[in-house]
Amino acid sequence: MMIEEEKNRKINLNPSKDILKQLRIAAKILHIENTAVHKILENPKQIIIVKFHILMDNGKRKLFTGFRVRYNNDLGPTKGGIRYHPDLTLSEVINLAALMTFKTAVMNLPLGGAKGGVRCNTKKMSNREIERLTRKYTEAIAKFIGPDIDIPAPDVYTNEQIMAWIMDEYSKITGKSAPGVVTGKPIIIGGSLIRDEATSRGLMYVIQEASKHLSLKLKGAKIVIQGYGNVGFNIARLLNGIGCKIIAVSDTKGGIYIEKGINPIEVKEHKEETKSVINYPESKNIKNKELLELECDILIPSAIENQINKINAPHVKAKIIVEGANGPMTLQADKILNNKNILVIPDILANGGGVTVSYFEQIQNKSGNYWNKEKITKKLKAAMKKSFDEVIEIAEKHRITMRTAAYIKAIKKISEAINVRHFFSNK
Ligand code: NAD
C-alpha cells in the first residue's frame with residue numbers, strides 16, 4: 001500500500017528506542033534477553049493502515065489516513081484506544097500499542113494490546129463530519145476488530161459518542177448487535193458505570209497507595225496536572241474530593257496557577273465556555289513548561305507524550321509523579337527523576353484503571369448482567385492495589401525503578417503465555 005512513510009522510507013515498525021531499551025533492561029533481569037520471546041515482544045504482530053475519504057460539509061471530498069496496530073494477543077484479544085489527532089503517526093500508534101500490551105499484563109487482565117486512530121483535526125470538523133469519518137474508519141478496520149479479536153476504546157479527542165458510532169457501524173456490517181466491539185460506550189447501549197472516570201479513579205487509588213508508602217499526607221497535598229481532558233479533569237475532581245489542593249492545571253493553550261487551589265468543576269465550566277482553562281478568574285496564567293516545574297507534592301502529566309525530558313527533568317520539584325498520560329516522559333527523564341528520589345509511577349500501572357473498567361464492561365456485555373457503581377469501584381480499587389503492591393515488591397526486591405519493575409511483571413506474564421502457546425512442544 002502506498003503510504004507517505006513508505007514513500008520516503010522513514011518507516012520504522014518497532015516501538016521507540018525508549019520502549020525497546022526499557023524492554024531490554026527488563027528482559028536482561030528476567031534472563032530472556034535476545035531470546036525468541038524477547039524478539040516477539042520487540043515487534044507488533046499486525047499493522048493496519050487505511051486510507052479513506054469522506055464528504056465534508058463544504059461538498060468536497062477529503063482523504064484521511066487511519067491506523068490500527070495489534071501489538072500482541074498472546075494473553076487474549078487485543079485492546080486499546082482510538083486517537084484522533086492532526087499529528088498522529090504510525091510510530092506513535094505502534095508505541096501506544098506496545099504500552100497497552102504491557103499495561104494489560106501489569107493489570108492482570110486476560111487481554112493483549114492495540115491502539116489505533118485517524119490523522120485528523122476534530123477541532124476544525126463538524127459533528128456530522130466526525131461521524132462520517134468514524135463510520136468510514138470503522139468500515140475500513142471492521143475485518144480486524146470484534147468482541148473476541150480486538151476491542152477499541154476512547155483516547156485523546158475521541159469519546160463515548162464516537163464509540164457509539166463505531167458500535168453502530170460495526171453492528172450494521174456484521175448484521176448483529178455487537179455492544180462488545182468497543183468499550184467506553186454510552187451506558188444506554190451497554191457502557192459500564194464509571195468508565196468515564198475509571199482511568200482517573202484508578203490514578204487516585206494508586207496515589208493513595210503511593211502516599212501511604214511515602215507517608216505523605218494527602219489532605220492539603222499540592223497537586224499539579226498537565227492536560228484538562230477526561231483524565232486531567234476527573235483526577236482534579238476526585239483528588240479535590242479527598243482534600244487535595246489542585247494548584248495548577250493546563251491544556252494546549254497554557255496553564256493556570258492558584259495558590260489556594262482551584263474548584264475543578266468551575267474550571268471545567270470556564271474551559272467549556274472559553275475553550276481553555278487560561279484566563280480563569282483569580283488565577284495567574286502560566287506556560288506548560290512552567291507548570292511542570294512548579295513546587296508541589298504530586299505532578300500528574302495527563303496530556304500527551306514526551307512532556308518531561310532530560311532538559312526539564314532536573315527542574316521538576318514534585319515528590320511523586322503519576323503518569324496519567326501514556327509515555328509522558330522520556331527514559332532519560334525517568335532516570336534523572338529517580339536519581340532525585342522522586343517516585344515515578346509509570347503509565348502502564350498508573351493509568352491502568354481505564355482498561356480495567358473496560359474489561360469489566362466487556363464482562364458485563366458478554367453476560368448481559370450489569371453491575372452497580374459500588375461493585376465496580378470495589379473491584380477497581382482491589383485491582384489497582386494488587387498491581388501496585390506487586391510492582392513495588394519487584395522494585396524493592398531488585399532495587400530498580402517502578403517502571404522497570406512494571407515491565408518485569410508484564411514481560412514475565414506475556415512470556416509465560418508465549419511459551420505455553422507457541423513453544424511448549426519444543427522444550
Ligand atoms: P482528552 O482528549 O480528553 O484530553 C487531553 C487533554 O490534554 C486536553 O485538555 C488537551 O487540551 C490537553 N493537551 C493536549 N496537548 C497538550 C499539550 N501539549 N500541553 C498541555 N495540554 C495538552 O484525552 P484523555 O482521554 O484525557 O487522555 C489524556 C492522556 O491519558 C493520553 O495520553 C491518553 O493516552 C491517556 N489515557 C487516557 C485514558 C482514558 O481512559 N481516557 C486511559 C489511559 C490513558
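Since this is a predicted model, take the numbers as computed values, not measurements.

About the thresholds
- Residues numbered from 1 in each chain as written.
- Predicted model: local features only at pLDDT ≥ 70, side-chain atom pairs only at ≥ 80, totals over all residues.
- Heavy atoms only, no water.
- Domains from an automatic or database assignment.
- Contact = heavy atoms within 4.5 Å.
- Buried area = accessible area lost by both parts, 1.4 Å probe.
- Axes fitted to C-alpha atoms, helices over the stretch in contact; angles between N-to-C directions.
- Helix = DSSP H or I, 4+ residues; strand = E, 2+ residues; numbered from the N terminus.
- Parallel < 35°, antiparallel > 145°, perpendicular 65-115°, else oblique.
- Nonpolar A, V, L, I, M, F, W, Y, C, P; charged D, E, K, R; others polar.
- Phe/Tyr/Trp six-rings, centres within 6.5 Å; stacked < 30°, edge-to-face > 60°.
- Buried < 20%, exposed > 50% of the residue type's maximum accessible area, 1.4 Å probe, protein only.
- Lys NZ or Arg CZ within 6 Å of the ring centre and 35° of its normal.
- Pairing = 2+ DSSP bridges.

Chemist: What's the story with the domain arrangement of the protein chain in this structure? I'm lost.
Modeler: Accessible area lost on assembly of the parts is the figure often given for the size of an interface. Parsing the protein chain into structural domains produces domain 1 (44–180) and domain 2 (197–350). Between the C-alpha centres of domain 1 and domain 2 the distance comes to 27 Å. Taken together, the contacts link 13 residues of domain 1 with eight residues of domain 2. Carbon and sulfur atoms make up 56% of the surface buried where domain 1 meets domain 2, a total of about 800 Å² over both sides. Among the residues of domain 1 in contact with domain 2, Leu99, Lys103 and Val106 are the three that bury the most area, contributing 45% of the side total.

Chemist: Is there a simple way to think about the packing of helix α8 (residues 230–241) against helix α9 (residues 264–274) in this case?
Modeler: Relative orientation and spacing of two packed helices are given, respectively, by the angle between their axes and the distance between those axes. Put simply, α8 and α9 touch, their axes get as near as 9 Å, and they point 155 degrees apart. Taken as axis vectors, α8 and α9 run roughly antiparallel relative to one another. Contacts from Phe233, Ala236, Arg237 and Asn240 of α8 reach α9 at Pro264, Ile265 and Lys268. Here the residues of the contact of α8 with α9 sort into four nonpolar, one polar and two charged.

Chemist: What am I meant to see in the packing of aromatic side chains here?
Modeler: Each aromatic ring pair is characterised by the separation of its centres together with the angle its planes make. Counted by the stated rule, this structure contains five aromatic pairs. Pairing Phe52 with Tyr137 gives two aromatic rings, centres 6.5 Å apart and planes at 40 degrees, and the pair type is tilted. Of this pair, Phe52 sits in strand β1 (residues 46–55) while Tyr137 sits in helix α5 (residues 127–141); the two residues are 85 residues apart in sequence, bridging distant segments of the chain. Judged by its relative accessible area of 6%, Phe52 falls in the buried class. Given a relative accessible area of 0%, Tyr137 falls into the buried group. Between Phe102 and Tyr407 the ring centres are 5.1 Å apart and the planes differ by 45 degrees, which places this aromatic pair in the tilted class. Of the two residues, Phe102 is situated in helix α4 (residues 90–106) and Tyr407 in helix α15 (residues 402–423); the sequence distance between them amounts to 305 residues. An identical accessibility class is assigned to Phe102 and Tyr407; each is buried. An aromatic cluster is built from Phe52, Phe64 and Tyr137, whose rings are joined through pairwise contacts. Between Lys268 and the ring centre of Phe233, over which it is positioned, the NZ or CZ distance is 4.8 Å. Over the ring of Trp371 we find Lys375, and its NZ or CZ is 4.6 Å from the ring centre.

Chemist: Help me understand the sheet that holds strand β8 (residues 254–257), please; the structure alone is not making it clear to me.
Modeler: Strands belonging to one sheet form pairs held by backbone hydrogen bonds; the direction of such a pair is parallel or antiparallel. Taking strand neighbours across the sheet as the criterion, the seven strands line up as β9-β8-β7-β6-β10-β11-β12 in an open arrangement whose pairing is mixed. Across the chains shown, the open sheet's two edge strands, defined by having one partner strand only, are β9 (284–286) and β12 (343–345). Sheet twist, expressed as the average angle between the axes of neighbouring strands with direction ignored, equals 20 degrees. Pairing between strand β10 (residues 298–301) and strand β11 (residues 320–322): two bridges, direction parallel. Bridging from a neighbouring strand, Leu299 pairs with Ile321 of β11.

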